Amino acid sequence: MTSLPKNASALAHTNLNDLKIRIDPRELLANTLEKIEGAYAYASIRAYRADFNAFIQFCEECNEDALPALPSSIANFIIKLSNNKRSSAGIRRAICGISTIHKLNRMDDPTKDPDVTIEMRRMHRKLGRSSSQAGSINIDTLDKMLSATDDSIRGLRDRALLLVAYDTLCRRSELVSLQVKDVKITIKNGVESTSILLRKSKTDQDSMGKVLRLSPRAGLALMEWIKQLPEGQEKIMAGVNRAHIISSAVGAGQINRIYKRIARAAGLDESVIKGISGHSMRVGAAQDLLSSGASMPIMMQRGRWSKSDTVMRYVEHI
């Protein structure tokens, strides 16, 4: 039996698989997520927390260890998720999270075991590999939603939000991160143009930055909104409470609800509204780019995609 290290530093460099001690998985998970904060995207950390806590609960019900986990425990977890109608994409995400938490703690990766691989293959044959696509807000739907906005404080914010989201193909987390100080107006040959610096994105975790160009009507809507913002406001997409601006920024999770609210005001069919998500503007803009004859490299550059197969999933239902 391996003797315990004398200090925490030594513990961090010890293979925990060799320690015959009982590990509190929730405490270790919390410590692990705290350690990687800032190095991983917030959405990834949130997913690791939710999925691994579900795995811990499953292991407790089976009187098994979650850290380190047995391949058989993970295989049975996959079966449970499959029977509970979890999507194949959601199951892949959960297993990826289990793998990551083990590797971050220098434990052997149990998800690479043949038993787990076999169960993943069985799951894919049962559920398929496809994932549901967000509903599309293309240019026609966008124009209908814009017609439902007015010149109130909320209407100005919503109009700027819709047009900036469509022009930039921003993910919802990128959209709410845009800052007032990064808006730039350029006049060349008497023509005025507006751009925004996107400081960080999913495919730019090192914050190299990307300048996003806006159409004239999106630039106009954005400047009309910025004029309403209180002095010192950092984020462009501020919250609105009836006729008043709330200085706190809109959260990424609110984008979906804002789109749905505007869609209902525009009288869109409820079946269309049901499919709308925070990614719908990105999907619609990508489909419009394809319809306009844009090449794959241009689409990837505009949407900041790193893989062409990801783009194809966005436009497959055009």
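Calculation criteria
Residues numbered from 1 in each chain as written. Predicted model: local features only at pLDDT ≥ 70, side-chain atom pairs only at ≥ 80, totals over all residues. Heavy atoms only, no water. Phe/Tyr/Trp six-rings, centres within 6.5 Å; stacked < 30°, edge-to-face > 60°. Buried < 20%, exposed > 50% of the residue type's maximum accessible area, 1.4 Å probe, protein only. Helix = DSSP H or I, 4+ residues; strand = E, 2+ residues; numbered from the N terminus. Core = buried A, V, L, I, M, F, W, Y, C linked by side-chain atoms within 4.5 Å. Contact = heavy atoms within 4.5 Å. Polar contact = N/O pair within 3.5 Å; in protein donor to acceptor, adjacent residues only side chain to side chain.

(A) How the structure looks around the packing of aromatic side chains. The full count for this structure, using the stated rule, is 4 aromatic pairs. Ring centres of Tyr 40 and Tyr 48 lie 6.2 Å apart, and the angle between their planes is 65°; on these two criteria the pair is classed as edge-to-face. You can call Tyr 40 partly exposed: its relative accessible area is 32%. When the ring of Phe 52 is compared with that of Phe 55, the centres are 5.7 Å apart and the planes differ by 70°; the resulting orientation is edge-to-face. Of this pair, Phe 52 and Phe 55 both sit in helix α3 (residues 42–61), 3 residues apart, which is roughly one turn of that helix. An identical accessibility class is assigned to Phe 52 and Phe 55; each is buried. The rings of Phe 52, Phe 55, Phe 58 and Phe 77 are connected pair by pair, giving a single aromatic cluster.

(B) Structural detail: the environment of Gln 179. Mapped onto the secondary structure, Gln 179 falls in the loop between α9 (172–175) and β1 (183–188). A residue is classified by how much of its surface remains accessible, and Gln 179, at 11% relative accessible area, is buried. Residues Gln 179 and Ile 236 lie 57 residues apart in sequence; the distance between their C-alpha atoms is 5.3 Å.

(C) Highlighting the nonpolar core. If you look at the biggest cluster of nonpolar residues, it comprises 54 residues, and the most contacted ones within it are Leu 175, Trp 225 and Tyr 259. Take this core: its biggest share by element is 9 residues, from helix α8 (residues 153–168). Among residues more than four places away in sequence, those in contact with Trp 225 are Ile 153, Leu 156, Arg 157, Ala 160, Ile 236, Ala 238, Val 240 and Ile 245. Core analysis: the second largest hydrophobic core is formed by 28 residues, Ile 45, Phe 55, Ala 69 and Met 107 among them.

(D) Representation of the side chain of Asp 109 within the structure. Tracing the sequence through the fold places Asp 109 in the loop between α5 (88–104) and α6 (114–127). A polar contact is formed between the side chain of Asp 109 and the side chain of Thr 111, at a distance of 2.7 Å. Those residues in contact with Asp 109, other than ones at most four positions away along the chain, are Ser 99 and Lys 103.

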